[in-house]
Amino acid sequence: MEGPVRQFVHDSGQGHLFQWWDELIEAHREALLNQIRDLDFAMIEKAISTFHNGSSQIDFTNLKPAESVQLEGELLQEAKRLGEQAIKERKVCALTLAGGQGTRLGYELPKGVHPIGPVSRKSLFAWFADKIKFFTNRIGTPGSIPWLLMTSHFTDSEIQSFFQHNDFFGLGKENVHFLMQGLLPAVDFQGKLMMDAKHHICENPDGHGGLIRALRKSNLLETMARQGVQYIFIHNVDNCLVKVCDLAFIGNHIASGADFSCKSLAKRSPDETLGTIVDDRGKIRIIEYSDTPQEVACLRDERGQLVYRTGSINIYVIGVDFMQRLCNHSNPLPLHFTSKTIPALDSAGILKTPQKPNGYKLETKLFDILQYTDKAVVVGANRSEEFSPLKHRSGEESYEAVIQDLQALFLSWLEDSGVPINAAEFDKIELSPEFAPDRDSFRERVAAIGKTALSEWIERQIQSNRQIIL
Ligand code: UTP
């Protein structure tokens, strides 16, 4: 029964997938055949040969750094007004990319479950839910901002149980939607598919570009469109500072008639792992940091600034109609090869976890959808207010670093609102995103409560336990 499949696999140069066939029990044979049938061999073969002959390498000759729009003054006010109106009219949903494996962080649960509230220790998911609640309380109505979460085989059941256990953070089960991304195989440096059991090919989530396939499969895009949603605000699960449903960002997207808007930051160094945003003869593109040649990443202008400094922080607004057009393509996104340490069988059929990279994970990237539109906008972000990712176990972008950034931000909001406090007087501070998710909203809330009342209240908290939680 396996004959034709086996022949096909052999002809594709992947005959080793059957090397343990004779030892396999019937159920495992069936599982292997099913996995092989689900793989798009032609697509994988094409990607491997493009990668091996170097034609996937980026030529920077015709590229220049992308310019970012700074939202200020009247432009900012008008953008906020349009964003607010869109939320009022229930035209916006939020979408969190939560399918990654978080290998660098090494946390045993999905990243979104990780505590982030400096005092409450509430999770990243609860933190984002608070941000959504702020807007549904202030300008919308309960449920007016649906929340979509993209999960993967590695995170789905734990994320769904976490939401159930926490009663969907008060947002209402019917307003939270999960969609699971697909898988892609891993290949070794010779382009051979790797195996992690004698009947199983190594697979990993298909990258955040898997969102397109996941939306198509789940039918959620149609559901959103039917409900009148026109704009999707998308962000990473690990950035607690993201301004979820940022009114000005959404409003600017609407005012510009864009299909795709992304937020940018000036890279701190050539090695900062942000995609490089470039202008390719009038078309915006984002190039993965690992695909940006070192000599290009290090180029500096006469003022000593990095030339290709415009970096993407994976915060987007994407039009539902644009997404619908993409969902009609069968394979809209190219495959990226990322060198990784992949547990795999050795030639004796024993599972080994190597000490250094032994192959490539294949992934798709959401920003590659830019090739399908000329209507893209890049909006400058403010690092200290909007970006502090939780990526590593220690050092930069670790939990400790993120908490420090959060606390520094809260102190500056208090000072800016006329309620300065001395950092030496307390140990921890947390300003709930449900109270105010950003500096301007915080200022407005303080003005409404009154500075004196807030100061006295903070003072009492400091006296009782040296902690402040609002
Ligand atoms: P990263 O590329 O930083 O990956 O993802 P990661 O899984 O968080 O961490 P490492 O690289 O394994 O250490 C950026 C965002 O894209 C999501 C992640 O969950 C994160 O929000 N993502 C990534 C997915 O949703 N699916 C994927 O297949 C990959």
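This one's a predicted model, so the numbers in the text were calculated from it and none came from an experiment.

### So, the overall build of the protein
Okay, so step 1: Regarding its fold elements, the protein presents 15 helices and 20 strands.
Okay, so step 2: Whereas a compact globule of 470 residues would reach a radius of gyration of roughly 23 Å, the protein reaches 24 Å, a difference of no more than 12%.
Okay, so step 3: For the C-alpha atoms alone, the extent of the protein along its principal axes is close to 80 × 50 × 45 Å.
Okay, so step 4: Sorting the 470 residues of the protein into buried and exposed places 52% on the buried side.
Okay, so step 5: Of the contacts made within the protein by residues no fewer than 6 positions apart, 75% connect residues no fewer than 24 positions apart.
Okay, so step 6: Counting every atom, the protein has about 21,500 Å² of accessible surface; 48% of that belongs to carbon and sulfur.

### Considering the environment of Glu2
Okay, so step 1: For Glu2, the location among the structural elements is in the segment before helix 1 (3-11).
Okay, so step 2: Through-space distance from the C-alpha of Glu2 to that of Trp21 is 10.0 Å; in sequence the pair is 19 residues apart.
Okay, so step 3: Among residues more than four places away in sequence, those in contact with Glu2 are Phe18, Trp21 and Leu33.

### Points about helix 6 (residues 156-165)
Okay, so step 1: Those residues of helix 6 that fall on the buried side of the exposure criterion are Asp156, Ile159, Phe162 and Phe163. Along the axis of helix 6, the buried residues cluster in a sector spanning 135°; they form a single face. Residues Ser157 and His165 are exposed on helix 6 and point more than 90 degrees away from its buried face.
Okay, so step 2: Next to the buried residues of helix 6 lie helix 5 (124-138), strand 3 (147-151) and strand 4 (176-180).
Okay, so step 3: Just downstream of helix 6 lies Asp167, where phi reads positive at about 50°.

### Description of the packing of aromatic side chains
Okay, so step 1: One pass over the structure, following the stated rule, counts 20 aromatic pairs.
Okay, so step 2: Connected via pairs of aromatic rings, a cluster forms that spans Phe125, Trp147, Phe162, Phe163, Phe168, Phe169 and Phe178.
Okay, so step 3: When the ring centre of Phe249 is taken as origin, the NZ or CZ atom of Lys263, which lies over that ring, is 4.9 Å away.

### Thoughts on the side chain of Thr276
Okay, so step 1: Note that Thr276 resides in strand 11 (residues 275-280).
Okay, so step 2: In terms of polar contacts, Thr276 uses its side chain to reach the side chain of Lys267, at 3.1 Å.
Okay, so step 3: Apart from the residues within four sequence positions on either side, Thr276 is in contact with Lys267, Arg285, Ile286, Ile287, Thr292, Tyr308 and Thr310.

### Description of the pairing of strand 18 (residues 376-380)
Okay, so step 1: Most of strand 18 sits out of view: four of its five residues are buried.
Okay, so step 2: One ladder, built from five bridges, connects strand 10 (residues 260-266) with strand 18; its direction is parallel. For Ser264, the partnering residue across the bridge sits in strand 18 and is Gly380.

### Focus on the sheet that holds strand 17 (residues 359-363)
Okay, so step 1: The strand order 8-5-17-14 describes an open sheet built from four strands, whose pairing is antiparallel. Edge positions in the sheet fall to strand 8 (203-205) and strand 14 (336-340), since each has one partner strand and no second. Within the sheet, the average angular offset between the axes of one strand and its neighbour, ignoring direction, is 40°.
Okay, so step 2: Across three bridges, the pairing between strand 5 (residues 183-188) and strand 8 is antiparallel. Paired with Leu184 across the strands is Asn204, a residue of strand 8.

### Some points on the environment of His28
Okay, so step 1: Residue position: His28 is located in helix 2 (residues 26-38).
Okay, so step 2: The partly exposed category is assigned to His28, whose relative accessible area is 31%.
Okay, so step 3: Between the alpha carbons of His28 and Gln461 there is a distance of 61 Å; along the sequence they are 433 residues apart.

### Quick look at the site of the ligand
Okay, so step 1: Neighbouring the ligand are 19 residues, the closest being Leu97, Thr103, Arg104, Gln181 and Lys391.
Okay, so step 2: Interatomic distance of 2.6 Å between a side-chain N/O atom of Lys391 and an oxygen atom of the ligand.
Okay, so step 3: Relative to its free-state accessible area of 570 Å², the ligand is covered by the protein chains to the extent of 89%.
Okay, so step 4: Its atoms largely coinciding with the cavity grid, the ligand occupies the largest pocket.
Okay, so step 5: For the shell around the ligand, a count of residues per class yields five nonpolar, nine polar and five charged.

### A look at the layout of surface pockets
Okay, so step 1: Considering only enclosed or pocket space, the largest pocket measures out at about 1,100 Å³ in volume.
Okay, so step 2: Around the largest pocket, the lining is made up of 49 residues, and of these Arg104, His208, Glu363, Lys365 and Lys391 lie nearest the centre.
Okay, so step 3: Elements with a contribution of two residues or more to the lining of the largest pocket: strand 8, strand 13 (310-319), strand 14 and strand 17.
Okay, so step 4: Taken together, the residues of the lining of the largest pocket sort by class into 18 nonpolar, 19 polar and twelve charged.

### A short note on the nonpolar core
Soluble globular proteins tend to pack their nonpolar side chains together in the buried interior.
Okay, so step 1: Core analysis: the largest hydrophobic core is formed by 76 residues, its most contacted members being Phe125, Trp147, Phe163, Phe233, Cys245 and Phe442.
Okay, so step 2: The element that contributes the greatest number of residues to this core is helix 5, accounting for nine residues.
Okay, so step 3: If you look at the next biggest cluster of nonpolar residues, it comprises 35 residues, including Leu215, Met224, Ile234 and Leu366.

### A look at empty space enclosed by the protein
Okay, so step 1: Counting across every chain of the model gives two cavities of 30 Å³ or more.
Okay, so step 2: Each pocket or cavity is described by its volume, and for the largest cavity that value is around 90 Å³.
Okay, so step 3: Taken together, 15 residues form the lining of the largest cavity, with Lys131, Leu409, Phe410, Trp413 and Pro437 sitting closest to its centre.
Okay, so step 4: Mapped by element, the contributors of at least two residues to the lining of the largest cavity are helix 5 and helix 13 (399-416).
Okay, so step 5: Here the lining of the largest cavity takes four residues from helix 13, the largest share from any one element.
Okay, so step 6: Residues of the lining of the largest cavity, tallied by class, amount to eleven nonpolar, no polar and four charged.
Okay, so step 7: Of the volumes computed, that of the second largest cavity is approximately 30 Å³.
Okay, so step 8: In this structure, the second largest cavity is lined by Ser12, Gln14, Phe41, Ile44, Glu45 and Leu193.

What counts and what doesn't
- Residues numbered from 1 in each chain as written.
- Predicted model: local features only at pLDDT ≥ 70, side-chain atom pairs only at ≥ 80, totals over all residues.
- Heavy atoms only, no water.
- Helix = DSSP H or I, 4+ residues; strand = E, 2+ residues; numbered from the N terminus.
- Rg over C-alpha atoms; globule rule 2.2 N^0.38 Å.
- Buried < 20%, exposed > 50% of the residue type's maximum accessible area, 1.4 Å probe, protein only.
- Contact = heavy atoms within 4.5 Å.
- Areas by Shrake-Rupley, 256 points an atom, 1.4 Å probe, with all protein chains shown as cover.
- Arc of directions from axis to C-beta.
- Phe/Tyr/Trp six-rings, centres within 6.5 Å; stacked < 30°, edge-to-face > 60°.
- Lys NZ or Arg CZ within 6 Å of the ring centre and 35° of its normal.
- Polar contact = N/O pair within 3.5 Å; in protein donor to acceptor, adjacent residues only side chain to side chain.
- Pairing = 2+ DSSP bridges.
- Axes fitted to C-alpha atoms, helices over the stretch in contact; angles between N-to-C directions.
- Near = heavy atom within 4 Å.
- 1 Å grid on protein atoms, 1.4 Å probe; cavity = no way out; pocket = protein on both sides within 12 Å on 5 of 7 lines; lining within 4 Å.
- Sits in = over half its atoms within 2 Å of the grid points.
- Nonpolar A, V, L, I, M, F, W, Y, C, P; charged D, E, K, R; others polar.
- Points joined across faces, edges and corners; volume = space filled by probe spheres on them.
- Core = buried A, V, L, I, M, F, W, Y, C linked by side-chain atoms within 4.5 Å.

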